[in-house]
Every structure is written in C-alpha cells, then in structure tokens.
Amino acid sequence: QVQLVESGGGLVQAGDSLRLSCVASGRYSMGWFRQAPGKEREFVAAISWSPSNTYYADSVKGRFTISRDNAEKTVYLQMNSLKPEDTAVYYCAATSGWSPNSLLREQRYDYWGQGTQVTVSS
C-alpha cells in the first residue's frame, strides 16, 4: 500500500555531493540501502518517524545525513565527500519498526522504491 519514489542520483566525481530524495505515501520509519555491483544490498542510513532518531552505517558516518520533512512526506539523504566505493543503486525503504534492531536490518522493511543510480568516479 506504500508507494516510494526515489530521485537525485547521478554521475559525480570523488569529493562531490549529491542529495537523494524519497517521496513516501505513508507514515513510516524510513531507511536508505544501497547495492553495488557484485555486492549484497547493505544498510546506509535510517530515520524513525517519531522520535526522529537517526542511524548510520560506519562507512558513511560523518559524510551522509538523513533527514525528513513530514509535512511533505519526503525523506532525504545528503551525501557529501563521495567516494568511488559509494557507487551503487540506492533504495528508499519503509518500515513500521522503530528500534535499531528493526531499522538496521533489510528484512524488517516492508516497502521499497525502484532505486536511483549513484556513480562516483575517481
């Protein structure tokens, strides 16, 4: 029942920035995951609906920031200091969970967007 649409991906050079957005049609905790060529899909960041707690993978901590605009039903992922290893398809996902145990695990997410490609050249 939840529809998710990601946007904002593109081609950038190492050190550049991108902002991804995800429009969600429901009120859920939201997460960003990514899948690089030859790798499994991995957790990137998450934010709960209320309270608005945030969680980050160690690989992006200090570089990426997740935020949300509840009035606009939009979740953002601000990505700074991008590295070639950040290259992946990025997916927005929604879950009714709220604890770190739920938000950090792919299996706990109920709905997924179509993905947006992020490519970082060196």
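Up top is the structure.
Parameters and conventions
Residues numbered from 1 in each chain as written. Predicted model: local features only at pLDDT ≥ 70, side-chain atom pairs only at ≥ 80, totals over all residues. Heavy atoms only, no water. Disulfide = S-S within 2.5 Å. Helix = DSSP H or I, 4+ residues; strand = E, 2+ residues; numbered from the N terminus. Buried < 20%, exposed > 50% of the residue type's maximum accessible area, 1.4 Å probe, protein only. Pairing = 2+ DSSP bridges. Axes fitted to C-alpha atoms, helices over the stretch in contact; angles between N-to-C directions. Core = buried A, V, L, I, M, F, W, Y, C linked by side-chain atoms within 4.5 Å. Contact = heavy atoms within 4.5 Å.

**Some points on the state of the cysteines**
By definition, a disulfide links two cysteine residues through a covalent bond between their sulfur atoms. Scanning the model with the defined rule gives one disulfide in all. The partner cysteine of Cys 22 in its disulfide is Cys 92, sulfur to sulfur 2.0 Å. Across the disulfide from Cys 22 to Cys 92, rotation about the S-S bond amounts to roughly -80 degrees, and the bridge is consequently left-handed. On the criterion of sequence distance, the pair formed by Cys 22 in strand 3 (residues 18-24) and Cys 92 in strand 9 (residues 88-95) is long-range, its members being 70 residues apart. As far as burial versus exposure is concerned, Cys 22 and Cys 92 are alike and both buried.

**With respect to the sheet that holds strand 1 (residues 4-7)**
Strands belonging to one sheet form pairs held by backbone hydrogen bonds; the direction of such a pair is parallel or antiparallel. One open sheet holds the four strands; their spatial order is 1-3-8-7, and the pairing between them is antiparallel. The strands lining the two open edges of the sheet, one partner per strand, are strand 1 and strand 7 (64-69). Looking at each pair of strands side by side, their axes are set apart by 15 degrees on average, direction ignored. Here four bridges tie strand 1 to strand 3, and the two strands are oriented antiparallel to one another. Each bridged residue has a counterpart across the sheet, and for Ser 7 the counterpart in strand 3 is Ser 21.

**Examining the pairing of strand 3**
Counting buried positions along strand 3 gives five out of seven residues, so the element sits mostly inside the fold. As paired elements, strand 3 and strand 8 (residues 74-79) share six bridges and run antiparallel to each other. Within the sheet, the bridge partner assigned to Leu 20 lies in strand 8 and is Leu 77.

**Some thoughts on the nonpolar core**
Most often, soluble globular proteins keep nonpolar side chains buried together rather than apart. Met 30, Trp 32, Leu 77, Met 79 and Tyr 90 are the most contacted members of the largest nonpolar core, which totals 34 residues. Where this core is concerned, the elements lending two or more residues are strand 3, strand 4 (29-35), strand 5 (42-47), strand 7, strand 8, strand 9 and strand 11 (116-121). With residues up to four places along the chain from it excluded, the contact list for Met 79 reads Asp 16, Ser 17, Leu 18, Leu 20, Arg 63, Phe 64, Tyr 90 and Val 118.

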